[in-house]
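Chain by chain, the residues run as shown.
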Amino acid sequence: MTLPRAVSVAVLGSTGSIGVNTLSVIAQHPQRFEVFALAANSDVETMFAQCEAFRPRYAVLANESAAARLAARVGDAGLDCEVMGGAAALLDVATRPEVDAVMAAIVGAAGLASTLGAAKAGKKIMLANKESMVMAGPLLIDTARASGSALLPIDSEHNAIFQALPANFARDMDAAGIRRLILTASGGPFLHASAEVLAGATPDQACAHPKWSMGRKISVDSATLMNKGLEVIEAHYLFGAKPEQIDVVIHPQSIVHSMVEYVDGSVIAQMGNPDMRTPIAHALAYPQRVEAGVKRLDLAGAGRLDFTTPDCERFPCLRLAYQALRAGGSAPVYLNAANEVAVDRFLNHEIAFNAIAEIVEKVMDDLPSQRVESIEQILAADGSARAAAAKLASRGSGLAERRAAGGLGH
Ligand code: NAD
Ligand code: MG
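Residues numbered from 1 in each chain as written. Chains lettered and ligands numbered in written order. Predicted model: local features only at pLDDT ≥ 70, side-chain atom pairs only at ≥ 80, totals over all residues. Heavy atoms only, no water.

Q: Would you take a moment to explain the packing of helix H5 (residues 112–120) against helix H6 (residues 130–147) for this structure?
A: Two quantities define a packed helix pair, namely the angle between the axes and the distance from one axis to the other. Axis separation between H5 and H6 bottoms out at 8 Å; the angle between their running directions is 15°. Relative to H6, the element H5 is oriented roughly parallel. In this structure, the crossing between H5 and H6 has a hand that is right-handed. Between H5 and H6, the contacting residues are Leu112, Thr115, Leu116, Ala119 and Lys120 on the first element and Ser132, Met135, Ala136, Leu139, Leu140, Thr143, Ala144 and Ser147 on the second. Here the contact of H5 with H6 is composed, by residue class, of eight nonpolar, four polar and one charged. (Axes fitted to C-alpha atoms, helices over the stretch in contact; angles between N-to-C directions. Helix = DSSP H or I, 4+ residues; strand = E, 2+ residues; numbered from the N terminus. Parallel < 35°, antiparallel > 145°, perpendicular 65-115°, else oblique. Left-handed = near helix turned anticlockwise from the far one by under 90°. Contact = heavy atoms within 4.5 Å. Nonpolar A, V, L, I, M, F, W, Y, C, P; charged D, E, K, R; others polar.)

Q: Is there a simple way to explain the site of ligand 1 in this structure?
A: As a matter of local geometry, ligand 1 sits amid 23 residues, with Thr15, Ser17, Asn41, Glu131 and Gly215 nearest to it. Here an oxygen atom of ligand 1 sits 3.1 Å away from a polar atom, N or O, in the main chain of glycine 16. A distance of 2.9 Å is found between an oxygen atom of ligand 1 and a backbone nitrogen or oxygen belonging to serine 17. Protein chains shield 87% of the accessible area of ligand 1, which is 830 Å² for the free molecule. (Near = heavy atom within 4 Å. Polar contact = N/O pair within 3.5 Å; in protein donor to acceptor, adjacent residues only side chain to side chain. Areas by Shrake-Rupley, 256 points an atom, 1.4 Å probe, with all protein chains shown as cover.)

Q: Can you help me understand the packing of helix H7 (residues 156–164) against helix H11 (residues 226–239) in this one?
A: Running from amino to carboxyl end, H7 crosses H11 at an angle of 35°, the nearest separation of the two axes being 10 Å. Taken as a pair, H7 and H11 cross one another with a handedness that is right-handed. For the pair formed by H7 and H11, the contact residues are Glu157, His158, Ile161 and Phe162 on the first element and Lys228, Glu231, Glu234, Ala235, Leu238 and Phe239 on the second. Tallied by class, the residues present in the contact of H7 with H11 amount to five nonpolar, one polar and four charged.

Q: Teacher, can you tell me more about the nonpolar core here?
A: General note: in soluble globular proteins, nonpolar side chains tend to be found buried as a group. If you look at the biggest cluster of nonpolar residues, it comprises 100 residues, and the most contacted ones within it are Leu181, Phe190, Leu335, Phe353 and Val363. Considering each element in turn, this core owes the most residues, 11 residues, to helix H15 (residues 331–347). Each of domain 1 (7–153) and domain 2 (328–410) accounts for three or more of the residues forming this core. Setting aside residues up to four positions removed in sequence, valine 363 forms contacts with Tyr334, Ala338, Ala385, Ala388, Ala389 and Leu392. In this structure, Val25, Val44, Ala59 and Ala281 belong to the second largest nonpolar core, which totals 40 residues. (Core = buried A, V, L, I, M, F, W, Y, C linked by side-chain atoms within 4.5 Å. Buried < 20%, exposed > 50% of the residue type's maximum accessible area, 1.4 Å probe, protein only. Domains from an automatic or database assignment.)

Q: Whenever I open this one, a nonpolar patch on the surface confuses me. Can you help?
A: Residues Met271, Leu297 and Leu299 make up a contiguous nonpolar surface patch of about 230 Å² in total accessible area. Looking at where leucine 299 falls in the secondary structure, it is placed in helix H13 (residues 299–302). With a relative accessible area of 41%, leucine 299 lands in the partly exposed category. (Patch = residues over 30% accessible without salt bridge, like charges linked within 9 Å, V, L, I, M, F, W, Y side chains within 5 Å. Salt bridge = Lys/Arg side-chain N within 4 Å of Asp/Glu carboxyl O.)

Q: Help me out: how do you make sense of H5 in this one?
A: Residues lying three or four places apart along an α-helix face the same way, a consequence of the helix completing one turn every 3.6 residues. Buried residues dominate H5, accounting for seven of its nine residues. Listed as buried for H5 are Leu112, Ser114, Thr115, Leu116, Gly117, Ala118 and Ala119. A positive backbone phi angle near 75° is found at glycine 122, which sits one or two residues after H5.

Q: I keep staring at the sheet that holds strand E9 (residues 246–250) and nothing clicks. Help me out?
A: In a beta sheet, neighbouring strands pair by backbone hydrogen bonds and run either parallel or antiparallel. Spatially, the four strands line up as an open sheet ordered E9-E8-E10-E11, and their pairing is mixed. Where the open sheet ends on each side, the last strands, each with one partner, are E9 and strand E11 (267–271). With direction set aside, neighbouring strand axes in the sheet form an average angle of 20°. With five bridges joining them, strand E8 (residues 178–185) and E9 adopt parallel strand pairing. Each residue of the ladder has a partner; that of alanine 185, found in E9, is isoleucine 250. The sheet contacts of H7 involve E8, strand E10 (256–262) and E11, and relative to E10 the element is tilted by about 40°. (Pairing = 2+ DSSP bridges.)

Here it is in structure tokens:
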């Protein structure tokens, strides 16, 4: 009897938090999955170690000079791996005929082209890169449908919902008897923080997430609750849920990963310890199940599960995301782009924590609504929001800093 061929995987964003967790699951099943390509931005050391451990056919670094350094290391070590540099190479490895499945785990808009390319090429897509769904939801969904590409959510909430949906779900909530989707949110590191603490919050404080260890951008998004806002938009596109059919509940223990409420009153939840290897293993093996190396859930040990309503006064980003979703068109693109710029400035100590929401709101207010049906229109809207946000961040940073220092009242 011949064994089935191993699933050939391209891991985009391999040096990041999701990428490393993906490789951890793959390493537990060497007969089942093989790494065809690894891709990331500029982390030569991590990428080289991953090339040694997983022996991919291709390794890509978007940063050209980092790619040249990696090529030298790979050459010196005598590895049979072709190193490529530049953003175009991301798309190249995601769409190669040898690839069965793509882990889309690049952070931010930088992941859009390769995610969309993988969808066009009919690959199984494991979608961690929620920003590409927020920017290009309808295009991504239609492209995947046209090519027969399976789109499997990695975000723990959407993966939980996916697991709680009926097997034949076709993005029609009414037909499936679903009343609403309930996304859980840990609340982030500032769940109980006062207005003063929020005003003076530093990047390190914002990135100290109580339950999940993640990249810095998504950690800040979790602290502002923008992450949950992006997830509301992601859920809308992925599952065809209307804005009023998507609720958010704060659940600090991060054990219930999300829920589906049916019209008969049933609420189906997916639970587990907070470890991204669960949704990653689920998507990798789907529709089968494989060991993920995750600590088993001990509910009696956990003791209690708490649920509260999110506070959109202290965390306006969640409100802004619902606003963008209801407005439609270019609004989610503006929201995402302005947020990416503002978070980057915050991480560089250029603006205060509260300025993130202020900049996003101002960009959404100021920019005119545009059609965003094609990739060109999406990128144009993204570009104008980035320019507007950068301008506000430079101009407004003095104000935000004074506010951070407690020098300005509200
Ligand atoms: P991270 O910062 O740890 O890793 C990001 C990866 O993307 C790195 O490999 C980096 O090299 C690569 N990258 C960044 N810019 C790039 C570019 N221009 N070109 C090519 N590669 C680039 O981030 P993460 O926490 O792993 O998150 C990745 C994505 O998954 C994000 O969209 C995030 O929202 C989503 N996500 C993450 C988690 C989590 O637990 N970490 C959970 C749900 C969803
Ligand atoms: Mg999530």
